[in-house]
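Listed below, chain by chain, are the residues.
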Amino acid sequence: KLKYRISLAKILYEQKNYQSALNHMKVAVKKNSRSGEVNHLMGQLYQKMKSSKMALTYYKNAARYSPSNPEIHQEYGDLLFSVKQYGAAATQYKLVIKQNPRAIKALEKLITIYKKQKNKKELLKTNQILAALDPNNFVAHRNLADDFLARKSYKNAKVELEMLNKLRPGDVSVLIDLGM
């Protein structure tokens, strides 16, 4: 009966019938409150229903009961990020990366957090990782170029700016920094 409730709730969720899905999931929670899947679905439902506080509670439980599920940690991190809990969000993104070192979305979110926190050391390191994993990532190369320019490491900045020019030929900001 629990599997039936969860399956039905998933169908209702996909049909955007969130309140009905929530009603079925409340029964599922009563039957198995320590299920990562049940808590994850509840978190998703509450998030869709714009109840961040409830969504945070269920995502926290989902992450606790399914610690090796990077999808849960990514979504929980995204929710924490959206409510400006950057430190907690960074923790979730690091868990995603620990499980999948090639997690581009988590790396990009960490970069945004490190920029907000003005954490230059981690920002540089994370941008270097992202640029190595995704050589065509304009944002990573732009951040590296800006960092090198700020540190007056012009040789390294020029390498990054030339890469940016290849990625987006004619980008005015890149051309200005290249002195063209």
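Our subject in this report is the structure included herewith. (Residues numbered from 1 in each chain as written. Predicted model: local features only at pLDDT ≥ 70, side-chain atom pairs only at ≥ 80, totals over all residues. Heavy atoms only, no water.)

1. A closer look at helix α4 (residues 52–65)
Okay, step 1: Its 14 residues give α4 an end-to-end C-alpha distance of 20 Å, which sits within 8% of 20 Å, the value for a rise of 1.5 Å per residue.
Okay, step 2: Of the positions making up α4, those classed as buried are Ala-55, Leu-56, Tyr-58, Tyr-59, Asn-61, Ala-62 and Ala-63.
Okay, step 3: Considering only its buried residues, α4 is in contact with α2 (18–31), α3 (36–48), α5 (70–82) and α6 (86–99). (Helix = DSSP H or I, 4+ residues; strand = E, 2+ residues; numbered from the N terminus. Expected span 1.5 Å × (residues − 1). Buried < 20%, exposed > 50% of the residue type's maximum accessible area, 1.4 Å probe, protein only. Contact = heavy atoms within 4.5 Å.)

2. Concerning α6
Okay, step 1: Between its first and last C-alpha, α6 extends 20 Å over 14 residues, near the 20 Å set by a 1.5 Å rise per residue.
Okay, step 2: Listed in full, the buried residues belonging to α6 are Tyr-86, Ala-89, Ala-90, Gln-92, Tyr-93, Val-96 and Ile-97. For α6, the angular spread of buried residues about the axis comes to 165°, placing them on one side.
Okay, step 3: Against α4, α5 and α7 (104–117) lie the buried residues of α6. (Arc of directions from axis to C-beta.)

3. A word on the packing of helix α1 (residues 2–14) against α3
Okay, step 1: Close contact between α1 and α3 brings their axes to 12 Å; oriented N to C, the two are set at 25°. With respect to each other, α1 and α3 are oriented roughly parallel. For the crossing formed where α1 meets α3, the hand is left-handed. Note on element contacts: α3 touches α1 through Glu-37, Val-38, Leu-41, Gln-44, Leu-45 and Lys-48, opposite Ile-6, Lys-10 and Tyr-13. (Axes fitted to C-alpha atoms, helices over the stretch in contact; angles between N-to-C directions. Parallel < 35°, antiparallel > 145°, perpendicular 65-115°, else oblique. Left-handed = near helix turned anticlockwise from the far one by under 90°.)

4. Focus on the packing of α6 against α7
Okay, step 1: Running from amino to carboxyl end, α6 crosses α7 at an angle of 150°, the nearest separation of the two axes being 9 Å. As the angle between them shows, α6 and α7 are arranged roughly antiparallel. Handedness of the crossing formed by α6 with α7: left-handed. Contacts from Tyr-86, Gly-87, Ala-89, Ala-90, Tyr-93, Lys-94, Val-96 and Ile-97 in α6 reach Ala-106, Leu-107, Lys-109, Leu-110, Ile-113, Tyr-114, Lys-116 and Gln-117 in α7.
Okay, step 2: Of the residues that constitute the contact of α6 with α7, the class distribution is eleven nonpolar, two polar and three charged. (Nonpolar A, V, L, I, M, F, W, Y, C, P; charged D, E, K, R; others polar.)

All quantities given are derived from atomic positions and should not be read as evidence of function.
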